[in-house]
Amino acid sequence: MKRIIYTLGMASMLIGYSCNSSSVMSEQNTTEKLDPKYSNNPFFVKSSLQYQAPEFDKIKNEHYKPAFDFGLAQQLKEIEAILANNDKPTFENTVLALENSGEVLGRAQIVFYNLASANTNDEIQKLQREYAPIFAAHRDKIYLNEALYKRFKQVETSKLDAESKRLVEYYLQNFEIAGANLNADQKSRLKTINQELASLSTEFSSKLLKAREEGAVVFDHIADLDGLSSDEIAAAKADAEAAGFKGKYLLNLQNTTQQPALQSLTNRKSREKLFKASWQRAEKGDANDTRATIDKIAKLRLEKAQLFGKRNFAEWKLQDQMAKTPEAAFELMQQLAKPAIETAKVEAKEIQSLIDKQKGNFKLEPWDWNFYAEQVRKAKYDLDENEIKPYFELNNVLEKGVFYAAEKFYGLTFKKRTDLPVYHPDVMVYEVFDRDGSSLALYYLDFYTRNNKGGGAWMNNFVEQSHNLNQKPVITNVYNYQKPAAGKPTLLTFDEVITTFHEFGHTLHGLFADQKYKSLSGTNVPRDFVEFPSQINEHFALVPEVLANYALHYETNKPMPNALVEKIKKAANFNQGYYTSELVAAAMLDMTYHTVTSADELIPVLEFEKNALNRSGLNMKEVPPRYHSPYFAHVWGGGYSAGYYAYIWSETLDSDAWEWIEANGGMTRKNGDRFRAYILSIGNAKDLNKAFEDFTGRKPSIDPLLRRRGFKK
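So, a few notes on the structure that sits alongside this text. (Residues numbered from 1 in each chain as written. Predicted model: local features only at pLDDT ≥ 70, side-chain atom pairs only at ≥ 80, totals over all residues. Heavy atoms only, no water.)

Overview of the packing of aromatic side chains
Following the criterion strictly, the structure yields 59 aromatic pairs and no others. Between the aromatic rings of Y644 and Y647, the centroid separation amounts to 5.0 Å while the plane-to-plane angle is 55°, which identifies the pairing as tilted. An aromatic cluster of three or more residues is present, and its members are F43, Y64, F68, F112, Y113, Y131 and F135. A cation sits over an aromatic face here: R271 above F371, 4.3 Å from the ring centre. Between the NZ or CZ atom of R281 and the centre of the ring of Y631, over which it lies, the distance is 4.2 Å. (Phe/Tyr/Trp six-rings, centres within 6.5 Å; stacked < 30°, edge-to-face > 60°. Lys NZ or Arg CZ within 6 Å of the ring centre and 35° of its normal.)

So, in structure tokens, the structure goes:
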């Protein structure tokens, strides 16, 4: 996914920062005003590294606080200078001045929040808690500033170029969504709500990180892990020792409900133990229980939306998205939910039949599904995950798969860099070169799970592209793959292969950014569009030319046999009822939380979830939502509140666009150049509905998605 970094320079409706001397307070003046004790703080000056990549070898925890404090004050002075200007408001002295403000603050925040997700520690978490309400209040000082809003409304736009005009529209919309039109009493209450929500979101994330760490499952005997490979068992033993459980075995939790090992563990009690540890991780009544935090967040979001005269939070949140209304999002989800749950019921019967045939004498439970589904898949398609994993060695998947596809479709090439500092020894860096051989970007990868890393996989920028600031992108992809025992290869499941292609799709969206202004650049687009480029990139994993290039046995280097390739393709729609139902269930749950119109509807979290799934028809107990409410990090700790439907919305776009690509020659450079020009390079500088129609020549339809998932012929 594209993870929102809540800095004043990254997310929609937040103020940007500058590394450009045209900002109101120049870098030279900034440096002159520094206290000498801060002269070695790397955030007060531009990085000297290529493309201003972060100087991780210099950055220390103690650098953040002074940079935050100075940067907050600096940006407010810059805002004061805009307001003190007696000249007629113009694009340059008002809009561009705000766009370029806050350089020190932005530099510090962009690193801080990336590391808070990928490599946190106690000091970073403490700073998160301290500064979350401060940053929220700072944003409000800008976007609820009536004089600044009036000045923006006076800017003449008729003679501006299209992107500059769009930037003015973008800021005006952000002012209005933020509450610039509210009265004084409403603004006062809104400021309090925003600060409380910022603190609660940080509180949720901190609790969940700890719950995930403490929820790791310890097994006493090697027999408990029967079914896992010898390498997986060795890794579990090493993780247990590192956690202080010598002679035992430890399985860390991933962010989702289902856990990878559930597919392989033959011991049903071990599966049940692992599943319940995952499901119950944040609802134990201890210090890591997130339910009270969720209740407070949901109620405050409702109150915030109703301050704006909206019926519910989703109505307020979706006004700048492609869907526009919660009704449109619900309609799309329902079109997918019905065939998904019907298919899942058929799949469940197949699995139960296999259990009965094996004289299991039990009813199918969520912790059984993946284990027996794998057996059904093997029986139907003669496909065993353990048979295909040896062909998906991580470096091959990355360099001979992901990079190879990008070279063929877009003309990109990659060079590994070992001369740049990184924030953890596991992190790798590549330089990316464009089709003409020119250097385009820097690309950081962080593959392995750690207890101090948030769950899931995501993309973010360390530096955002901007012609105005003369900045090229510096991008990071973060994953949570299990690190193998020392000296062993990292072998991926096919789902993990798809994840690697997916996250690189976000990276491509950032790499090809071609905007003047960073606020409109790259992936700074509506939530229900941002997953489109990432999801369409998944298709390349099974393009024959690409698959043949990376699916090589890690020991023999021999290509995957054609017979095995055909099995993978034939099994592509296997278990789609389950996968789609768990996704739509999570999306429906999110939207239901955010379409309540009265606080009285927000009953206790577990009861609310049960009722929401019942009402949507997605209450199949064997198919729990991909994210259970207490650990639904996208919604309570991330930027997907009332927005998790975006995966489905984006996949509708992706499936339709891929059908167009296949119908027009497939993986050709001509198609790659067209997709880059019409979709990947436009950022948020153009109407995105029109951009899709310009690319395909038609409005999007859900039929390609239904066909792709096997729900429609």
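That shown, we press on.
Remarks on helix 18 (residues 527-537)
The buried fraction of helix 18 is high, at 11 of 11 residues. For helix 18, the complete set of buried residues consists of R527, D528, F529, V530, E531, F532, P533, S534, Q535, I536 and N537. Its buried side turned inward, helix 18 meets helix 17 (494-511), helix 24 (646-663), helix 25 (669-680) and helix 26 (688-696). (Buried < 20%, exposed > 50% of the residue type's maximum accessible area, 1.4 Å probe, protein only. Helix = DSSP H or I, 4+ residues; strand = E, 2+ residues; numbered from the N terminus. Contact = heavy atoms within 4.5 Å.)

Notes on unusual backbone geometry
Phi at K324 is positive, roughly 75°, even though this residue is not glycine. Structurally, K324 is set in the loop between helix 12 (313-317) and helix 13 (326-357). Look at K359: it is not a glycine, yet its phi comes out positive at around 55°. By the element assignment, K359 lies in the loop between helix 13 and helix 14 (366-381).

With respect to the sheet that holds strand 7 (residues 474-481)
Overall, mixed pairing links the five strands, which are arranged 3-4-5-7-6 in an open sheet. Across the chains shown, the open sheet's two edge strands, defined by having one partner strand only, are strand 3 (413-417) and strand 6 (458-463). Across this sheet, the average inter-strand angle for adjacent strands is 30°, counted without regard to direction. (Pairing = 2+ DSSP bridges. Axes fitted to C-alpha atoms, helices over the stretch in contact; angles between N-to-C directions.)

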